[in-house]
Structures are given as structure tokens and as C-alpha cells.
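# Observations on chain architecture
Residue-level listing of the chains:
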Amino acid sequence: MKPLSMLSEDEWCLRADGLASEFSSGLMALTDDFTAIIEATQRRIAEVLEADRSTLIEFADDSVRATYHWAGEDVPAIDVHEHASRLTWLLDRIGTDDEAVVLNRIPDELPADAVTPGLLEHLRDAVVKSAVLIPILVGGRRVCALAVEAVRAGRQWPPPLVTRLRLVAEILAGALHRSRQEEALLQSQAEVARLTAVPEIKAVRFTDARDGRFGFDHIIGESAALKAVLERVKEVAPTDCTVLLLGETGTGKELVARALHSHGPRRTYPLVSVNCAALPPTLIESELFGHERGAFTGAVAMRPGRFQLAHRGTLFLDEIGDLSIELQSKMLRVLQEGEFERIGSSHTQKVDVRIIAATHQDLSRAVADKEFRDDLYYRLNVFPIRVPALRERREDIPALVWFIIHKRQRALRHSITSVPAHVMEALQNHSWPGNVRELENVIERALIHSPGNTLRLLDERLETPPSRGAEDGGTLSIVERAHIEHVLRECRGRINGVGNAAERLGLHPNTLRFRMKKLGIVRGNGVGPARGHDAGS
């Protein structure tokens, strides 16, 4: 094949036309190997046009992400998501919603109003000498953009070639858009099935083109602590083994659960999640196991539970430590026998699910305190993975900061290109009791507070808030807090059992614990023994 430097303009266009006809048939149908096909397409574009990088940038939910990326073997490695954000900045500043941006020589052809020190530094690090950026609209909305780059030398992109390259980009965008529509349709069908309570629930088959690599791409960091977690994930993901995720609130246990599912043998079936702490005790049994019509007031139709919806897939039980003792026995039966009954039914349902459970509590202590069944604990604790707190992997904070910036800045109409050293140092030195969730909030506040392209913290001191769950700002809270503390003192801090605090207050033990947490009541602070010092708690 003749090199491009020896081709006439007509020969260039014929080569691009060949690309369009080559791809149109391969991307017409959405198949299980959609990801492999579209990645091979990226490589083929670069090979035929003698380019060094090809990136498909997707715009969704007010965020920018490099959905697919290909680069030659000798091309410098880059942060593809940051690179996508920088290229989007150029599109926004130079072109229109549907106008291609052609840069034959970078940085010479960059308009002055689009140049920032951060952008120039990034383009220099990425060794971008020439590029063409083609935005694609679907239904009048920009959904993605194709970026083709040369890093060895500047080059020309004649208008007829750009026109044909746009056709190739439209084929890619159309396939990606159909993939997202099919994904949304399948998710909608699953939700409709759940809400309308179809008796026989068919497993929903997900064909997300990103499934093959989603899990680890969204787990940001290179620290030894995080790598150890990912190694454990790689070990257990291909099996059907039950996994117990341990770690503080906000450390990303749900992301690890998604990684386990997306790299496991059940990835073509649903991942169904339920937060055991978010539902009141009176509803969680119906949510997990379902109910029959007329089983209780308001049960106007049969409704399948999460176990049935997750059949042949994975069920993620978040905050499993908050399950009541009564439900723990039913949970144990499902895990052991794969059987359960809906509320109001004597008919036994069989189900095949993989269980991934998560908790921020010390379950071994809860077992010792008789607040968690030991047999259920041993059934869940087959392959434990501890997810480290953010303070245990401080070296990952810079990468997380940039990830959050790129994720949120477009929605907030900001373009942050630099984070001062003292700001990053303050972020790395903070203890982060709320972990990544707290970091996201701090960065979002900083984005709102930063008027230019430099990140500025709203509060440089990053003070840790007090551990109290709520301030006594109203008379009702003061009275409620005082009454609960009084009853706990009389019961020596005991919550469970006949005659103890929960029974005297007329509350379920889990409901009492929730109220205590909200009001900032801690056993051991003058209201009875601390947890772990009283076996009857």
C-alpha cells in the first residue's frame, strides 16, 4: 500500500471510501463482540490513514469520556480521559456543534482564544502534531466525536478526506447510539417487569459494549493497597463464589461488586442491588422475596423480589450487617438451598444467584454480640475482600481528583486545567473520614467556587466534621434524644432482648440503632456499655 505522502487527493478519498464500506456491514448488527469490532475499527482507521491515535469520545449525562481508544505501540502513553476532556475543550472553543476542527500543525494553528498553559502542556506531553476532530450529532444533540491524531509530524487533512472521515465517524456514532438505546431498553423492560409483577421473570441480558472493561476502568488508582484488592477481584471473579466486601462507608465497595460481576461468568445476566440499610424492616422482606396479591394492605398485585429478578445473575446485598435477626434466618435458607417463599404464598420458589455482600460493620463482633447469626456469617465470609480507606492510599488522590474534575466540570460549565501544588497537598493530607464520597463533594464545591481554570478549595483547612449524626436543632430532637438516652441508661446500653431498650421504646432494634445514629447517640458515652462490652446488646 502506497504511503499517504505519495497519494493524490483522489486516492486519499478512495481509501477513506473503502473504510466506510468496510465498517458499515460490520457495525450494522449489535453482537456480543461489539466492543471488539469497534476497537478493531479504531485501529483500522489509524492504519489506513497512517495516524497514530484514534479516540471515540462520548458525551453522556453531562460528562465526557473516552469510550474507545487506540494508539500505536511506539506512541507515548496518556491519560485517555483527560485527553478526551482537552480535545472537547478545543471543539467547544474552535468549532460549532457539528463543525469539524482541522489542525494541520499544532500548536501553530491553535487560535489564541483557545490556548491555555495547561492545554499547551498537555498537547506537548501527548506529542500531538496534527489532528482532526469530528463531532457527531444525533437528533440535534452532540453525542460523540471522533479524534484522529498524528504524533510524529504535522500533516494535511484535505476537506474531501475530512468529509469522508465524517461518514466513517457517523457509522461509528450510529452503532454506539444503537448500543446505548438497546441497553436502555433492556433496563426499562426489567423495571417494567418488576413493577408490573410478571409471574415468570426472564433474566435480562445486558449487552453493554463497555462490560468487558467497565469494572476496572472506574476504579481509579495505582496504589499497592488498591492493586492488592484488584488482584483478589481477578482471582475470584471468574468463579461463582460468594464474596464479602468489607470497608468503611464511601470506599467504593459497590464499584468492586460491579467489577466482580462484569468479569464473572454471569455477566450476561443482571446485577441486582439492594441496600439493606435503606429499607425499613417492614418492607425489606417483600423487597427481597416478593409478595402475593392480597398478602398485606396495599399488595394489589403479585410482585417478584430481588432474588427472583437476579435469577442466573448476581445479587449485591449492600450493608448486609443491618439485616434483622428474623430476616437473617430466611436469608440463610436461600443461600443454602436456593429456595424461598413470597410473602403470602406457600409455594416454594427456586433461584440461582451469585451473592456479593458488603458491610462497613465488624461482623465478627456483631456475631459475638448476638446481633448477627454466626451460620450466616460463615456462609457469607467465603472470600472476604477488604476495600482500603482513602487515607490508606493517599497516592491515588491526585488521579481521583482529576477523574472527578473531568466527570463534573462540564455540567458545572467550568474548565479546570490546573490544580495548585498546595491544594493537592492539602487534599492528600486530609484524613477523609467519608472517603471517596467525601472527596467528590469537596471537589464539586471547589469547582463551583473556582472562577477561572485553576482549582480553588472552598475551605483550605478541610476540617473534619464532628461525628455526631445530627445537631439538636429543635425541641423534638432534644426531647427524643434525652428520652432514648434515659432508657438506654436504665437498660445499661442493651438494645436487644426482652425488657431491654428497643422493646421498652416500642421499636425494632434496627430502627432504634438508626435513630441513635441520626441523633448522635453513642453507647459508652454515659448511656451504657460500648458495643462489644456487653454481650446482650
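One structure accompanies this document, and this report is about it. All values derive from a computational prediction rather than experimental measurement. (Residues numbered from 1 in each chain as written. Predicted model: local features only at pLDDT ≥ 70, side-chain atom pairs only at ≥ 80, totals over all residues. Heavy atoms only, no water.)

## Looking at the overall build of the protein
Looking only at helices and strands, one finds 19 helices and 14 strands in the protein. Here the protein holds 537 residues, and the buried ones make up 48% of them. Pairs at least 24 apart in sequence give 71% of the contacts found in the protein among residues at least 6 apart. Carbon and sulfur atoms provide 52% of the accessible area of the protein, an area that totals close to 25,400 Å². (Helix = DSSP H or I, 4+ residues; strand = E, 2+ residues; numbered from the N terminus. Buried < 20%, exposed > 50% of the residue type's maximum accessible area, 1.4 Å probe, protein only. Contact = heavy atoms within 4.5 Å. Areas by Shrake-Rupley, 256 points an atom, 1.4 Å probe, with all protein chains shown as cover.)

## Things to note about the sheet that holds strand β7 (residues 271-275)
One open sheet holds the five strands; their spatial order is β7-β10-β13-β6-β14, and the pairing between them is parallel. Two strands bound the open sheet, and with one partner strand each, they are β7 and β14 (383-386). Each strand axis lies, on average, 20° off the axis of its neighbour in the sheet, ignoring direction. (Pairing = 2+ DSSP bridges. Axes fitted to C-alpha atoms, helices over the stretch in contact; angles between N-to-C directions.)

## What about the environment of valine 127?
Along the chain, the position of valine 127 falls in the loop between α4 (117-125) and β4 (130-138). As a C-alpha pair, valine 127 and isoleucine 78 span 49 residues in sequence and 9.8 Å in three-dimensional space. Residues contacting valine 127, with those up to four places away along its chain left out, are Pro76, Ala150 and Val151.

## Quick look at the pattern of salt bridges
Across all of its chains, the model carries 28 salt bridges by this definition. Residues glutamate 109 and arginine 105 are paired through a salt bridge, measuring 3.7 Å at the closest nitrogen-oxygen approach. When its relative accessible area of 28% is taken as the criterion, glutamate 109 is described as partly exposed. Residue arginine 105 is classed as partly exposed on the basis of its relative accessible area, which comes to 43%. When the shortest N-O distance is used, the salt bridge between glutamate 392 and arginine 386 registers 2.6 Å. One salt-bridge network, in which partners are shared between bridges, spans Arg333, Glu339, Glu341 and Lys350. (Salt bridge = Lys/Arg side-chain N within 4 Å of Asp/Glu carboxyl O.)

## Considerations on the packing of aromatic side chains
In the structure shown here, the tally under the stated rule is four aromatic pairs. Geometrically, the ring pair formed by phenylalanine 307 and phenylalanine 340 is tilted, given 6.3 Å between the ring centres and 40° between the ring planes. Here phenylalanine 307, found in helix α10 (residues 306-309), pairs with phenylalanine 340, found in strand β11 (residues 339-341); they are 33 residues apart in sequence, far enough to count as distant. Relative to tyrosine 378, the ring of tyrosine 377 has its centre 5.5 Å away and its plane inclined at 55°; by these criteria the two rings are tilted. For tyrosine 378, a relative accessible area of 57% translates into the label exposed. (Phe/Tyr/Trp six-rings, centres within 6.5 Å; stacked < 30°, edge-to-face > 60°.)

## Notes on the side chain of arginine 142
Along the chain, arginine 142 turns up in strand β5 (residues 141-150). Here aspartate 92 takes part through its side chain, which lies 2.9 Å from a polar atom of the side chain of arginine 142. (Polar contact = N/O pair within 3.5 Å; in protein donor to acceptor, adjacent residues only side chain to side chain.)

## Structural notes on the sheet that holds β5
As summarised here, the arrangement of the five strands in space is β2-β1-β5-β4-β3, forming an open sheet in which the pairing is antiparallel. The open sheet has two edge strands, β2 (63-71) and β3 (101-103), and neither has a second partner. When strand polarity is set aside, the average angle formed by the axes of neighbouring strands in this sheet is 15°. Bridge count for strand β1 (residues 53-60) against β2 is eight bridges, and the pairing is antiparallel.

## Thoughts on the layout of surface pockets
By volume, the second largest pocket amounts to about 570 Å³. Around the second largest pocket, the lining comprises 24 residues; the ones closest to its centre are Thr88, Asp92, Gln409, Arg410 and Ala411. Elements supplying a minimum of two residues to the lining of the second largest pocket: β1, β2, α3 (80-94) and β5. Among the elements that line the lining of the second largest pocket, the one with the most residues is α3, at six residues. Residues belonging to the lining of the second largest pocket are distributed by class as follows: seven nonpolar, eight polar and nine charged. (1 Å grid on protein atoms, 1.4 Å probe; cavity = no way out; pocket = protein on both sides within 12 Å on 5 of 7 lines; lining within 4 Å. Points joined across faces, edges and corners; volume = space filled by probe spheres on them. Nonpolar A, V, L, I, M, F, W, Y, C, P; charged D, E, K, R; others polar.)

## Describing the packing of helix α7 (residues 224-236) against helix α8 (residues 253-262)
In the contact formed by α7 and α8, the axes pass within 9 Å of each other and the chain directions differ by 35°. With respect to the hand of their crossing, α7 and α8 are arranged in right-handed fashion. Residues Val229, Val233 and Val236 of α7 touch α8, and the partners they reach there are Val256, Ala259 and Leu260. Split into classes, the residues belonging to the contact of α7 with α8 amount to six nonpolar, no polar and no charged. (Left-handed = near helix turned anticlockwise from the far one by under 90°.)

## Comments concerning the environment of tyrosine 68
Its location among the elements puts tyrosine 68 in strand β2. C-alpha separation for the pair tyrosine 68 and threonine 55, spaced 13 residues apart in sequence, amounts to 5.9 Å.

## A closer look at the pairing of β1
Along any regular strand, the residues point their side chains to alternate faces of the sheet. In terms of residue burial, β1 counts as a mostly covered element, since eight of its eight residues are buried. Bridge count for β1 against β5 is six bridges, and the pairing is antiparallel. Each bridged residue has a counterpart across the sheet, and for arginine 53 the counterpart in β5 is glutamate 149.

## Side note on the side chain of histidine 83
With respect to the secondary-structure elements, histidine 83 resides in helix α3. The class for histidine 83 is buried, based on a relative accessible area of 0%. With residues near it in sequence (within four places) discarded, histidine 83 still touches Arg53, Ile78, His122, Ala126, Val128 and Glu149.

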